[in-house]
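Chain and residue survey
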Amino acid sequence: MSVLYDLNDPALAADRFGYYRRLRETDPVHRTPFGYWVLTRYDDVDTLLRSPHASSAFPKDAGWAMKRGGPTCPVMRSVGNWLLLQDGPEHRRLRKLVARVFTPRSIDRMRPRITDTVDELIDAMGDGEVDLIRDLALPMPVTVVGELLGIPAQDRGRCREWTDKVGHVLDPDVTPRRRIAMNKAEPEFRAYLLELMESRRGGDPEHDLLSVLMQAEDGEQLTDEEICANILLIFNAGHETTVNLVGNGMLALLRQPDALRALREDPSLMPTAIDELSRFDPPVTLATRILTADTEIGGTVVPAGATVMGLIDAAGRDPERYPDPDQLDLTRTQPKTLAFSAGPHYCLGAVLGKIEASTVFGALLERYPRIELLDPDPPVNAHFNLHGPTTLPLRLGR
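Residues numbered from 1 in each chain as written. Predicted model: local features only at pLDDT ≥ 70, side-chain atom pairs only at ≥ 80, totals over all residues. Heavy atoms only, no water.

One open sheet holds the five strands; their spatial order is β1-β2-β8-β5-β3, and the pairing between them is mixed. In the strand order of this sheet, the two ends are held by β1 (29–31) and β3 (54–55), each with one partner. Judged from the three bridges that link them, β1 and strand β2 (residues 37–39) form a sheet pairing that is antiparallel. Each bridged residue has a counterpart across the sheet, and for valine 29 the counterpart in β2 is leucine 39. (Pairing = 2+ DSSP bridges. Helix = DSSP H or I, 4+ residues; strand = E, 2+ residues; numbered from the N terminus.)

Following this line, the structure appears as structure tokens:
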């Protein structure tokens, strides 16, 4: 029986991996009744992410812009400068300038601070009943990305509220309520950041990303609008994805205790374990592109102008690429997970996110011989493309 992909189908919410399996088996390069295309096989999603004819420049699409408030609304003013939503030379220019703080040396400098932050939060969390999201998985990356960007500690809560509202701009379907909220939040965040930038001018440059982005590089310099837009993007992506990686990963390990036991017994598995957990239930579930030319994907020619949605979570369960895909195998190394994208938009913060998640799992398993799941089906967040539990009640014991 064929499946017609519908974001609002209750069957999708009830069992998304079963839904994707049926779609992959019956119509893997699927044109939905709503006009866009959906890909569920690993190779097809990978093709989309790497194709030179797959554009990320959604702000230039009139229909996409109108659903978010119109081409001149505040949120469109911001996303039009996002690194994530650029192509070609402009994408390469922004990526080069933003990547200065994501060098291996810069990230390696952050390891001690990440370890200290995790230890401090676990000390405060203690034993007994805890909420892993509230007590550890959320405050840890907010602290890390806040320090990385140079946002003062007392302001990070407000920044999270602003950027979380704007983050819904990437959802496939934006409700009127969220459209209003994001267009109110973006100017407030921008005004805050411009004031913070003004306070930095003329002083000694610091090593955080905000200070770095304010400096020229090889004669090139970002505008204030570009800085505000990409700081917003990085703050949101820099904590939401890590929260979901930790939350989804811990939930998967507790549901498959053999994998959890293997990781306890052999901590050297941690690097491949993080990749496997991100494959199994990725923090970002989809990547959408607009085709600029007719493109063959999985034996089907998808026409120019088509909007194509590559389902990263479906690709991670493709049995043609991952034997026994519904089981965690912490020794699995191939093929490479698509959870951090591929091609020109491969995630700049992937290494940082993996270090954060590895540090959390390592510390929890070392400190707590017993970790019990108290809610077998915890609630998930409201974002469609950023998927993870909003609470994760656990009982921790030594």
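Picking up after the structure, the text goes on.
In this section: the packing of helix α10 (residues 139–149) against helix α14 (residues 224–255). It is at 8 Å that the axes of α10 and α14 come closest, and there the two elements cross at 155°. The angle between the axes of α10 and α14 places the two elements in the roughly antiparallel class. Between α10 and α14 lies a crossing of right-handed hand. Here Met140, Pro141, Val142, Val145, Gly146 and Leu149 of α10 lie close against α14, whose contacting residues are Ile231, Ile234, Phe235, Gly238, His239, Thr242 and Val243. Here the contact of α10 with α14 is built from residues that sort into nine nonpolar, four polar and no charged. (Axes fitted to C-alpha atoms, helices over the stretch in contact; angles between N-to-C directions. Parallel < 35°, antiparallel > 145°, perpendicular 65-115°, else oblique. Left-handed = near helix turned anticlockwise from the far one by under 90°. Contact = heavy atoms within 4.5 Å. Nonpolar A, V, L, I, M, F, W, Y, C, P; charged D, E, K, R; others polar.)

Here the focus is the packing of aromatic side chains. Inspection of the entire model under this criterion finds eight aromatic pairs. Judged by centre distance (6.3 Å) and plane angle (15°), the rings of phenylalanine 34 and tyrosine 36 are stacked. Residue class for phenylalanine 34 comes out exposed when judged on its relative accessible area of 52%. Relative to tyrosine 192, the ring of tryptophan 162 has its centre 5.9 Å away and its plane inclined at 45°; by these criteria the two rings are tilted. Of this pair, tryptophan 162 sits in helix α11 (residues 156–167) while tyrosine 192 sits in helix α12 (residues 176–200), and the two are 30 residues apart along the sequence. Summarising the burial analysis for this pair, tryptophan 162 and tyrosine 192 share the class buried. Every member of this aromatic cluster is reached through a ring pair, and the members are Tyr5, Tyr19, Tyr20, Phe34 and Tyr36. A cation over an aromatic ring shows up here: arginine 317 above the ring of phenylalanine 17, its NZ or CZ 3.7 Å from the ring centre. (Phe/Tyr/Trp six-rings, centres within 6.5 Å; stacked < 30°, edge-to-face > 60°. Buried < 20%, exposed > 50% of the residue type's maximum accessible area, 1.4 Å probe, protein only. Lys NZ or Arg CZ within 6 Å of the ring centre and 35° of its normal.)

In this model α11 runs 16 Å from its N-terminal to its C-terminal C-alpha over 12 residues, within 8% of the 16 Å that 1.5 Å per residue would give. Within α11 the residues assigned to the buried category are Arg156, Cys159, Trp162, Thr163, Val166 and Gly167. Seen from one end, α11 has its buried residues packed into an arc of 135°, which puts them on one side. In this structure, the buried residues of α11 make contact with α5 (74–79), α10, α12 and α14. (Expected span 1.5 Å × (residues − 1). Arc of directions from axis to C-beta.)

Now for the pattern of salt bridges. The tally for this structure, following the rule as stated, stands at 30 salt bridges. The closest approach of N and O atoms between glutamate 225 and arginine 77, which form a salt bridge, is 2.8 Å. Residue glutamate 225 is found in helix α14, and its partner arginine 77 is found in helix α5; the two are separated by 148 residues along the sequence. Classification of glutamate 225 by relative accessible area gives partly exposed; the value is 25%. With a closest N to O distance of 3.0 Å, arginine 370 and glutamate 372 form a salt bridge. Overlapping salt bridges, with partners in common, bring together Glu129, Arg370, Glu372 and Arg395 in one network. (Salt bridge = Lys/Arg side-chain N within 4 Å of Asp/Glu carboxyl O.)

Turning to the packing of helix α6 (residues 88–98) against α14, a few remarks are in order. One can describe the packing of α6 onto α14 by two numbers: an axis separation of 12 Å at closest approach and a directional angle of 75°. Looking at the two axes, α6 sits roughly perpendicular to α14. Within the contact between the two elements, α6 uses Glu90, Arg93, Leu94 and Val98 and α14 uses Glu226, Asn230 and Ile234. Tallied by class, the residues present in the contact of α6 with α14 amount to three nonpolar, one polar and three charged.

What follows covers the state of the cysteines. Here is the idea: a disulfide is a covalent bond, and it sits between the sulfur atoms of two cysteines. Enumeration over the complete set of coordinates arrives at zero disulfides. Between cysteine 159, a free cysteine, and cysteine 228, which holds the nearest cysteine sulfur, the sulfur-to-sulfur gap is 11 Å. On the accessibility criterion, cysteine 159 (0% relative accessible area) is buried. Note on cysteine 228: relative accessible area 3%, which makes it buried. (Disulfide = S-S within 2.5 Å.)

Moving on, we come to the environment of isoleucine 122. Among the secondary structure elements, isoleucine 122 is positioned in helix α8 (residues 111–125). For the pair isoleucine 122 and valine 360, spaced 238 residues apart in the sequence, the C-alpha separation amounts to 9.1 Å.

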